[in-house]
Amino acid sequence: MNVTKNEIKDRQLHIEDYLQMVSAEQKEYAEVSVHSRITENNDISTDFQTDELLEQILQPDNLNKAYKKVKSNKGAGGVDGMSVDELLTFLKNNQKKLVQKLKDGKYKPNPVRRVEIPKETKGETRKLGVPTVVDRVFQQAITQVLSPIYEKQFSENSYGFRPKRGAHDALKQCQQNVNDGYVYVVDMDLEKFFDTVCQSKLVEVLSRTIKDGRVISLIHKYLNAGVVSNGMFEKTNVGMPQGGPLSPLLSNIMLNELDKELERRGHRFVRYADDCMIFCKSRKSAIRTLENIMPHIEGKLFLKVNREKTKVAHISKVRYLGYSFYRYKGKCRLRVHPKSIAKMKAKLKELTSRSNGWGNEYRALKLTQFIRGWVNYFGMADMKQLLRSTDEWLRRKIRAIYWKQWKKIKTRYQMIKKFGMPEWKVHEMANCRKGIWRSAIMLNSVLTNKVIASLGYISMADYYLKICKN
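Small disclaimer: the values here were computed from a predicted structure and weren't measured. (Residues numbered from 1 in each chain as written. Predicted model: local features only at pLDDT ≥ 70, side-chain atom pairs only at ≥ 80, totals over all residues. Heavy atoms only, no water.)

A few points about the nonpolar core
In globular proteins that are soluble, nonpolar side chains generally tend to be buried together.
Turning to step 1, where the next piece is worked out: Membership of the largest hydrophobic core comes to 67 residues, with the highest contact counts inside it found for Met188 and Ile219.
Turning to step 2, where the next piece is worked out: A per-element tally of this core places helix α6 (residues 133-151) first, with 10 residues.
Turning to step 3, where the next piece is worked out: If sequence neighbours within four positions are ignored, Met188 has contacts with Asp274, Cys276, Ile278, Leu290, Ile293, Ile297, Val305 and Thr310.
Turning to step 4, where the next piece is worked out: The next biggest cluster of nonpolar side chains, apart from the first, holds 57 residues, and it includes Tyr320, Leu334, Ile452 and Ala461. (Core = buried A, V, L, I, M, F, W, Y, C linked by side-chain atoms within 4.5 Å. Buried < 20%, exposed > 50% of the residue type's maximum accessible area, 1.4 Å probe, protein only. Helix = DSSP H or I, 4+ residues; strand = E, 2+ residues; numbered from the N terminus. Contact = heavy atoms within 4.5 Å.)

The following block contains the structure:
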C-alpha cells in the first residue's frame, strides 16, 4: 500500500465522515445521558509540575518508545485499515503534521472498531474497541508519561496493569488476609465497568493531577471518539473503549477513588483491574460492608454494582483470577478453579483436533506454548494430581492423532515395526479394527511417554515441577 504525504487527510476518518456515510433511516445514533451531578473531592494534592505535560508526551524519544511498543504488540488494524507494518512509513511522512495538530488541539482521533468476544457466561459478550495504529501510538505515549505520575497515588492493594505487579502478587495478598483471619469476602462485581464509566467524573478526577488542559482535552477526545460496529457509527458519551493502551491506566485512575475510600474506612481488600474482593472476619461484617460501600460506588463514582454476581461468601466458595482457595493446616492454599480446568481442557481439545490440518511439529509447538503459559500462570496452585491425569488424557489424544495418520494397514505395519515390536504383535496391532480413541490405548507400548516427549510434546506435570512455587 503506497502512502503519500497528503494521505493523512484520508487516514483521519472523523465523526463527520461517518455521519455522511450512514443515513438516519439505517440507524438512530445512541443518545446516552451523562450524569449531571459530579462529586467534588479536592483531597488529593500533587507536587507534579504538569503545565507542559503535552510537550513531554510529544518528545521524540517518548514517541519512538511508544511506536516500538505498539510494533511489538502487533494486533489488528482499526477502522482505517492501516496495519502495524504500514505504520512506520506513515509516521515518517506525517509525524510533524500530526504532532503540530496535537499541539494546536486540532487532532481528532478516529473511532474505534468494535469487536465482541464471548464471555464465560453463556450469551454474554465482552465489547472491545480496537483503535487505529496511529491512535495506539499516541495513547501509548500518553500512558508512558502519566503512569509514573499516578503510580505514586495508587493503592498498595491494587495489582492490575501496574509495573512490577501482577495476578500472583494479588493472590499472595489474598492468602495473607485469609491467614490473618479474614475468611469472609465481599466478592464485588462491577457491571460492564468499561462500558459504564462516567466520563465527566473521570475527567474531574484527572483534572486534580493533570494541570495541562490540552492533555485533558486529548484524553476526552479519545473517550468521545465513538465506535464503528458493523459499519455503523455510534456515539460514546459514557464508558471508555476496552482495548487501547490508555484504557488500563484510566481504569486504575477511576477505581483508585474506590481504593482510597476502602482504605479510609479501614478495610482489607485486593483489587485487580475491576475485580475487587473486600476481606472481613465474619459474615455479618461482610454483609454490612457491602451495604455501606454500594451507595458510595453508585452515588459518588457513578458505577453500577452487579447485584446478581456480587456476593458475600466464605473464601472457600469464591473464584478469583481463575483460582479457588482452601485451608490446609491453618494456612490458605490455592487450587485451580473447576471453570479454569474446563477452559484448559477445551483449549487442549482444540489444539489436538484430528481435523485441523496441522502438521505434527506445528501442533507440538502450539501445545508447548499453551502449556507453558498456562502452567506459569497457575503455578501457585496445588495441582500435581490434576496435571498427571491431564497428561495421561493428553497423551492418549496425541496417540489418537498418529493412529489416524497411519490410516492404511500397510502404513500402520511399517510404523509399528520401527519400534522393535515382535512380528506377531505388529501384525495384530496393524489389523486392529477398533475405533481411533480405543486404539490409542493400544499404542501405549509403541508411542511411549519417552517417545512422545522426543517428538516435541512436553509434560504438564514435569514442567509444573520445574517452576513450582509451592
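On we go from here.
Digging into the environment of Met429
Turning to step 1, where the next piece is worked out: By the element assignment, Met429 lies in helix α17 (residues 423-430).
Turning to step 2, where the next piece is worked out: For Met429, a relative accessible area of 0% translates into the label buried.
Turning to step 3, where the next piece is worked out: Sequence spacing of Met429 and Ser439 is 10 residues, and the spatial spacing of their C-alpha atoms is 8.7 Å.
Turning to step 4, where the next piece is worked out: In this structure Met429 touches Trp403, Ile416, Met421, Met442, Leu443, Ser445 and Val446, once residues within four positions along its chain are discounted.

Quick look at the state of the cysteines
Turning to step 1, where the next piece is worked out: As enumerated under the stated definition, the model contains zero disulfides in all.
Turning to step 2, where the next piece is worked out: In this model Cys174 remains outside any disulfide bridge; the closest cysteine sulfur is found in Cys332, 7.9 Å from its own.
Turning to step 3, where the next piece is worked out: Since its relative accessible area comes to 0%, Cys174 is described here as buried.
Turning to step 4, where the next piece is worked out: Cysteine Cys276 shares no disulfide, and the gap to the nearest cysteine sulfur, in Cys174, comes to 9.7 Å.
Turning to step 5, where the next piece is worked out: The exposure class of Cys276 is buried, given its relative accessible area of 3%. (Disulfide = S-S within 2.5 Å.)

Description of helix α13 (residues 338-351)
Structurally, the α-helix is built with 3.6 residues per turn, so residues lying three or four positions apart point the same way.
Turning to step 1, where the next piece is worked out: A rise of 1.5 Å per residue sets the reference length of α13, with its 14 residues, at 20 Å; its end C-alpha atoms lie 20 Å apart and thus fit the reference within 8%.
Turning to step 2, where the next piece is worked out: Buried within α13 we find Ser340, Ile341, Met344, Leu348 and Leu351. Take α13 and look down its axis: the buried residues cluster within an arc of 100 degrees, on one side only.
Turning to step 3, where the next piece is worked out: In the core, the buried residues of α13 are packed alongside β9 (319-320), β11 (331-336), α14 (360-377), α15 (384-405) and α20 (460-467). (Expected span 1.5 Å × (residues − 1). Arc of directions from axis to C-beta.)

Considerations on the packing of aromatic side chains
Turning to step 1, where the next piece is worked out: Counted under the stated rule, the structure contains 10 aromatic pairs.
Turning to step 2, where the next piece is worked out: Between the aromatic rings of Trp374 and Phe378, the centroid separation amounts to 4.6 Å while the plane-to-plane angle is 35 degrees, which identifies the pairing as tilted. Exposure class is identical for Trp374 and Phe378. Each is buried.
Turning to step 3, where the next piece is worked out: Taking 6.4 Å as the distance between ring centres and 65 degrees as the angle between the ring planes, the aromatic pair formed by Tyr402 and Trp406 counts as edge-to-face.
Turning to step 4, where the next piece is worked out: Residue Tyr402 is classed as buried on the basis of its relative accessible area of 9%.
Turning to step 5, where the next piece is worked out: The class for Trp406 is buried, based on a relative accessible area of 6%.
Turning to step 6, where the next piece is worked out: What links up through ring pairs into an aromatic cluster is the set Tyr323, Trp374, Tyr377 and Phe378.
Turning to step 7, where the next piece is worked out: Arg335 extends its terminal NZ or CZ atom over the ring of Tyr326, reaching a point 3.8 Å from the ring centre. (Phe/Tyr/Trp six-rings, centres within 6.5 Å; stacked < 30°, edge-to-face > 60°. Lys NZ or Arg CZ within 6 Å of the ring centre and 35° of its normal.)

Quick word on unusual backbone geometry
Turning to step 1, where the next piece is worked out: The phi dihedral of Leu321 falls on the positive side, at around 55 degrees, and the residue is not glycine.
Turning to step 2, where the next piece is worked out: Locating Leu321 in the fold gives a position in the loop between β9 and β10 (323-328).
Turning to step 3, where the next piece is worked out: In this structure, Lys329 is a non-glycine residue whose phi angle is positive, near 55 degrees.
Turning to step 4, where the next piece is worked out: For Lys329, the position within the fold is in the loop between β10 and β11.
Turning to step 5, where the next piece is worked out: With relative accessibility at 72%, the residue Lys329 sits in the exposed group.

What about α14?
Turning to step 1, where the next piece is worked out: The end-to-end C-alpha separation of α14 is 26 Å, in line with the 26 Å expected for 18 residues at 1.5 Å each.
Turning to step 2, where the next piece is worked out: Those residues of α14 not exposed but buried are Arg363, Ala364, Leu367, Thr368, Phe370, Ile371, Trp374 and Val375.
Turning to step 3, where the next piece is worked out: Considering only its buried residues, α14 is in contact with β11, α13, α15 and α20.

A few points about the packing of α6 against helix α10 (residues 213-223)
Turning to step 1, where the next piece is worked out: Contact pair α6 / α10: the axes reach a minimum separation of 12 Å and the direction vectors enclose 135 degrees. Judged on the interaxial angle alone, α10 and α6 are oblique. In this structure, α6 meets α10 at a crossing whose hand is left-handed. Contact with α6, carried on its side by Asp135, Phe138, Gln139, Ile142 and Leu146, involves Leu218, Ile219 and Tyr222 of α10 and no other residues of that element.
Turning to step 2, where the next piece is worked out: The residue inventory of the contact of α6 with α10, partitioned by class, reads six nonpolar, one polar and one charged. (Axes fitted to C-alpha atoms, helices over the stretch in contact; angles between N-to-C directions. Parallel < 35°, antiparallel > 145°, perpendicular 65-115°, else oblique. Left-handed = near helix turned anticlockwise from the far one by under 90°. Nonpolar A, V, L, I, M, F, W, Y, C, P; charged D, E, K, R; others polar.)

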